[in-house]
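So the chains spell out like this:
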Amino acid sequence: MKRLLIFFTSLLLAAAAVAAPPLPEVEVVKINERVYALLGPLELPNKYNQGYTVNSTAIIGDRGVILVDTGFTDEVGAHLARAVAKITSKPITHIVNTHNHGDHMLGNSAFKNVEIISSEACKELVEKTGYEWLETVENATKRKFPNTTPVPATLTFKADTRTDRTIQGVKLVLWVPKGSHTPGDMMVYLPDDNVLISGDILVHNITPNFRDGKIKNWIGTLEQIVALNPKTIVPGHGPLMTTAQAVAMKNRMATLWAGVEAGYKKGLNDAEIRKTLDLSEWEKLHYFDDLMGGDINSAYLEVEAENF
Ligand SMILES: [Zn+2]
């Protein structure tokens, strides 16, 4: 009887799979006995990846798991939960959202009875813009996610603070920098593991998105990360990083900022400034063509606001 049940269940699952392609597999990278990076595809959301594009991290504590970043939909959240269940039988009891962008937080809707941690500003932005992010992923994947809703944090921390917390027996530093990639970033540092989970303040092999950022603060935050000198960094997107690779991203951004500022002071507009910049280090990154124009424009507007 049990076998028959399993047989019919798998038939049903197979039928369901026809409706939407299966989610891309989670690439599990073991950092140490209790910290696992769950790396998502280095892609923009589309109908093939179903919006699964983000890196998450599972921190296995005494009696439960802390999951950092939950994906773009409830389906991605459940997909990550299944990946965690293959590593440990302990339940996910805590979630951290590194910022309010949908690819990092809409998957919260897959989890019940969990403490959700973010910065205060992130919580407000989830409440304000959460449904816009749902629309973004529905447009990108050309389908609906009726079970995905924005679920804001239940525990928040103020801007420009670092708070030591022990959760599930694991020492964490909940680090809310001055608004960098977004007005409400939160990073998680594990001092005993020397691992930093950076959200999109660090991304690897991919062009960062400046749209909601404060670039000057962001460069300052990158300097603080370099000073912290973590052994392993789980970036928001792309493969694991070292501090040396964080230095490279900081330098790229600082050079770009200086170039835009110099052009502004000569009275050039952003299109003219672009021609003066050496973008050879940027051209190597994924989504250069999609994002670079907007990034230079964001930098220009920030320089302009500063010099007004
Ligand atoms: Zn992201």
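Higher on the page you've got the structure.
Since the model is a prediction, treat every value here as computed from it, not as a measurement.

A. Summary view of the coordination of the zinc ion. Protein coordination at the zinc ion comes from D103 (OD), H104 (NE2), D200 (OD) and H237 (NE2), with a distance range of 2.0 to 2.4 Å. Here the zinc ion binds four donor atoms, and the angle range of 86 to 168° at the metal identifies the geometry as irregular. Counting the intervening residues between successive donors of the zinc ion yields the motif D-H-x95-D-x36-H. Pair noted here: H104 is in helix 3 (residues 102-105) and H237 is in the loop between strand 12 (232-235) and helix 6 (243-265), with a separation of 133 residues, a long-range link. For the pair formed by H104 and H237, the shared burial category is buried.

B. Broad picture of the layout of surface pockets. Quantified by volume, the largest pocket comes out at close to 480 Å³. Surrounding the largest pocket, 22 residues form its lining, L44, P45, D103, W133 and N209 being those nearest its centre. Residue assignment for the lining of the largest pocket shows that the elements contributing at least two residues are helix 4 (120-141) and helix 9 (288-307). Top element by residues in the lining of the largest pocket is helix 4. It accounts for three residues.

C. Representation of the sheet that holds strand 1 (residues 27-30) in the model. Spatially, 1-2-3-4-5-6-7 is the arrangement adopted by the seven strands of the open sheet, whose pairing is mixed. Looking at which strands have only one partner, the edges of the open sheet turn out to be strand 1 and strand 7 (155-157). Averaged over neighbouring strand pairs, the angle between their axes works out to 20° when direction is ignored. Pairing geometry for strand 4 (residues 65-68) and strand 5 (residues 92-96), over four bridges, is parallel. Paired with V65 across the strands is I92, a residue of strand 5. Each of strand 6 (115-119) and strand 7 touches helix 4; the most contacted strand, strand 6, lies at about 105° to it.

Calculation rules
Residues numbered from 1 in each chain as written. Predicted model: local features only at pLDDT ≥ 70, side-chain atom pairs only at ≥ 80, totals over all residues. Heavy atoms only, no water. Donors = N, O, S within 2.8 Å, 3.2 Å for Na, K, Ca; no water. Tetrahedral: all angles 85-135°; square planar, octahedral: opposite > 155°, others 65-115°. Helix = DSSP H or I, 4+ residues; strand = E, 2+ residues; numbered from the N terminus. Buried < 20%, exposed > 50% of the residue type's maximum accessible area, 1.4 Å probe, protein only. 1 Å grid on protein atoms, 1.4 Å probe; cavity = no way out; pocket = protein on both sides within 12 Å on 5 of 7 lines; lining within 4 Å. Points joined across faces, edges and corners; volume = space filled by probe spheres on them. Pairing = 2+ DSSP bridges. Axes fitted to C-alpha atoms, helices over the stretch in contact; angles between N-to-C directions. Contact = heavy atoms within 4.5 Å.

Geometry only, nothing functional implied.
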